[in-house]
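# Summary of structural features
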Amino acid sequence: MPASLSGKWEMISNVNFDDYMIVLGISASLRKIATKLNLKKTIERQGDQFIIKTTSTFRNYTVTFKVGQEFNEFTKGLDNRHLKSLVRWEGNKLICEQTGEKKNRGWTHWIEDDKLHLELFCEGQVCKQVYKNVSKTR
Ligand code: VLZ
């Protein structure tokens, strides 16, 4: 079994977020705000359903899905695109493919050294974020 992604997480590093937002067409003014945010993730698992909440002082974004089941995703408040998304396990990595206007788009989550790792990728750009656990209990 992969190490659990569940819990509360707070970002400790964020590399190439600006270039990731550029390929998504996020405006310079929004990018300026977004790059300064201290992002948090809350990941909950309810049976075979995952809920991933990304929160900040500026914007929040929640996605709910079942592994192996394609779903419609609307990136409301981010780049506001409609996607067909599919999440699967590959070893200890939870991988989401986001099919739509942008090619080779998606993300990968995994646990390494008790940290939550995230790669956000789109059209050749990769943003790498690492989060520390801030759950009361785990
Ligand atoms: O995360 O797709 O954990 O959805 C950035 C919000 C969060 C900041 C991006 C405001 C969401 C941006 C990243 C203003 C334009 C993401 C998935 C993997 C779950």
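Thresholds applied
Residues numbered from 1 in each chain as written. Predicted model: local features only at pLDDT ≥ 70, side-chain atom pairs only at ≥ 80, totals over all residues. Heavy atoms only, no water. Disulfide = S-S within 2.5 Å. Buried < 20%, exposed > 50% of the residue type's maximum accessible area, 1.4 Å probe, protein only. 1 Å grid on protein atoms, 1.4 Å probe; cavity = no way out; pocket = protein on both sides within 12 Å on 5 of 7 lines; lining within 4 Å. Points joined across faces, edges and corners; volume = space filled by probe spheres on them. Helix = DSSP H or I, 4+ residues; strand = E, 2+ residues; numbered from the N terminus. Nonpolar A, V, L, I, M, F, W, Y, C, P; charged D, E, K, R; others polar. Near = heavy atom within 4 Å. Polar contact = N/O pair within 3.5 Å; in protein donor to acceptor, adjacent residues only side chain to side chain. Areas by Shrake-Rupley, 256 points an atom, 1.4 Å probe, with all protein chains shown as cover. Sits in = over half its atoms within 2 Å of the grid points.

## A look at the state of the cysteines
Applying the stated criterion across every chain yields a total of 0 disulfides. Residue Cys96 stays outside any disulfide, its sulfur separated by 12 Å from that of Cys122, the closest cysteine. Between Cys122, a free cysteine, and Cys127, which holds the nearest cysteine sulfur, the sulfur-to-sulfur gap is 12 Å. On the basis of relative accessible area, Cys122 is assigned to the buried category, the value being 0%.

## Brief notes about empty space enclosed by the protein
By the definition in use, this model includes 1 cavity of 30 Å³ or more. The wall of the largest cavity is formed by 31 residues, among which Phe17, Thr54, Tyr61, Leu78 and Leu120 lie closest to the centre. Looking at the lining of the largest cavity, the elements with two or more residues in it are α1 (17-23), α2 (28-34), β3 (49-55), β4 (61-66), β8 (106-112), β9 (115-122) and β10 (125-133). The leading source of residues in the lining of the largest cavity is α1, at 3 residues. Among the residues forming the lining of the largest cavity, the class breakdown is 18 nonpolar, 8 polar and 5 charged.

## Remarks on the site of the ligand
Taken together, 15 residues lie around the ligand, and Lys41, Tyr61, Val63, His109 and Leu120 are the ones closest in. Side-chain polar atom of Lys41 to an oxygen atom of the ligand: 2.6 Å apart, as the coordinates give it. The separation between an oxygen atom of the ligand and a polar side-chain atom of His109 is 2.7 Å. When isolated, the ligand has an accessible area of 530 Å², and the protein chains bury 96% of it. Most atoms of the ligand, that is more than half of them, are within 2 Å of grid points of the largest cavity.

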